[in-house]
Amino acid sequence: MQEYKKIKNSDLNIININSIKQHHENSDNEYMNDIQLLHFKNILEAWINQLRNEVNRTVVYMRDEAANFPDPVDRAVQEEEFNLELRNRDRERKLIKKIEKTLKKIEEKNFGYCESCGVEIGIPRLEARPTADLCIDCKTLAEIREKQISG
């Protein structure tokens, strides 16, 4: 359980940035009730909006900063900088798709359950990684298999 606390404190900047209150588990509540679903929906929507703002900022930055430098070194530096920005935006594009998939699961009330074995993923894990679709056991097994395959 200590592991989750470390993850929570470092990974919940989306919650902190958007003033979303951290969810406190109550053992009397049903798992993934409407309040919990709304909590995670708010987190995911804030996250996706933040990512979309980054995309817009990058477009404006690249349009405004694009210059045809006569010096080949300056031009290469700018091209490398733009290339790095585009790689980051590509990673974020993939993350946006994963967030959209997770939001759809929330709408269908299928959120919070392992896609592999069907057990509850758990509130602490979902707060650390709201797009998690595997429980910790299945994720650990998948990582072990991946390491064995890749050597």
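The structure displayed is predicted, hence computed values, not measured ones.

Undergrad: Got a minute to help me understand helix H3 (residues 34-65) in this structure?
TA: Note on helix geometry: an α-helix contains 3.6 residues per turn, so any two residues three or four positions apart are oriented the same way. Over its 32 residues, H3 extends 46 Å from the first C-alpha to the last, a length consistent with the 46 Å expected when each residue adds 1.5 Å. Where H3 is concerned, the buried positions are Gln36, Leu37, His39, Phe40, Ile43, Leu44, Ala46, Trp47, Ile48, Leu51, Thr58 and Met62. Its side-chain oxygen 3.0 Å from the backbone nitrogen of Ile35, Asn33 forms the N-cap of H3.

Undergrad: Help me out: how do you make sense of the side chain of Glu92 in this one?
TA: With respect to the element layout, Glu92 can be found in helix H4 (residues 72-107). Note on Glu92: relative accessible area 16%, which makes it buried. Among the polar contacts made by the side chain of Glu92, one reaches the side chain of Arg89 at a distance of 2.7 Å. Once you skip the residues sitting within four places of it in the chain, Glu92 turns out to touch Leu51 and Glu54.

Undergrad: What exactly am I supposed to notice about the UniProt feature "zinc finger region: dksA C4-type" (unreviewed entry) in the protein chain here?
TA: The UniProt feature table records "zinc finger region: dksA C4-type" (unreviewed entry) at residues 114-138. Its end C-alpha atoms 8 Å apart, residues 114-138 is made of 36% helix and 0% strand.

Undergrad: Just to check I follow, could you spell out unusual backbone geometry for this structure?
TA: A negative phi angle characterises most non-glycine residues, just as the trans form characterises most peptide bonds. Backbone geometry places Met32, a non-glycine residue, at a positive phi of 55 degrees. Inspection of the secondary structure assignment puts Met32 in the loop between helix H2 (13-17) and H3. Although it is not a glycine, Lys109 sits at a positive phi angle of roughly 60 degrees. Along the chain, Lys109 falls in the loop between H4 and helix H5 (123-128).

Undergrad: Sorry if this is basic, but what is going on with the packing of aromatic side chains here?
TA: What characterises a pair of aromatic rings is the spacing of the ring centres plus the angle enclosed by the ring planes. One pass over the structure, following the stated rule, counts three aromatic pairs. Between Tyr31 and Tyr113 the ring centres are 5.3 Å apart and the planes differ by 85 degrees, which places this aromatic pair in the edge-to-face class. Here Tyr31, found in the loop between H2 and H3, pairs with Tyr113, found in the loop between H4 and H5; they are 82 residues apart in sequence, far enough to count as distant.

Cut-off values and rules
Residues numbered from 1 in each chain as written. Predicted model: local features only at pLDDT ≥ 70, side-chain atom pairs only at ≥ 80, totals over all residues. Heavy atoms only, no water. Helix = DSSP H or I, 4+ residues; strand = E, 2+ residues; numbered from the N terminus. Expected span 1.5 Å × (residues − 1). Buried < 20%, exposed > 50% of the residue type's maximum accessible area, 1.4 Å probe, protein only. Polar contact = N/O pair within 3.5 Å; in protein donor to acceptor, adjacent residues only side chain to side chain. Contact = heavy atoms within 4.5 Å. UniProt positions renumbered as here; feature names shortened; annotations may be inferred. Phe/Tyr/Trp six-rings, centres within 6.5 Å; stacked < 30°, edge-to-face > 60°.

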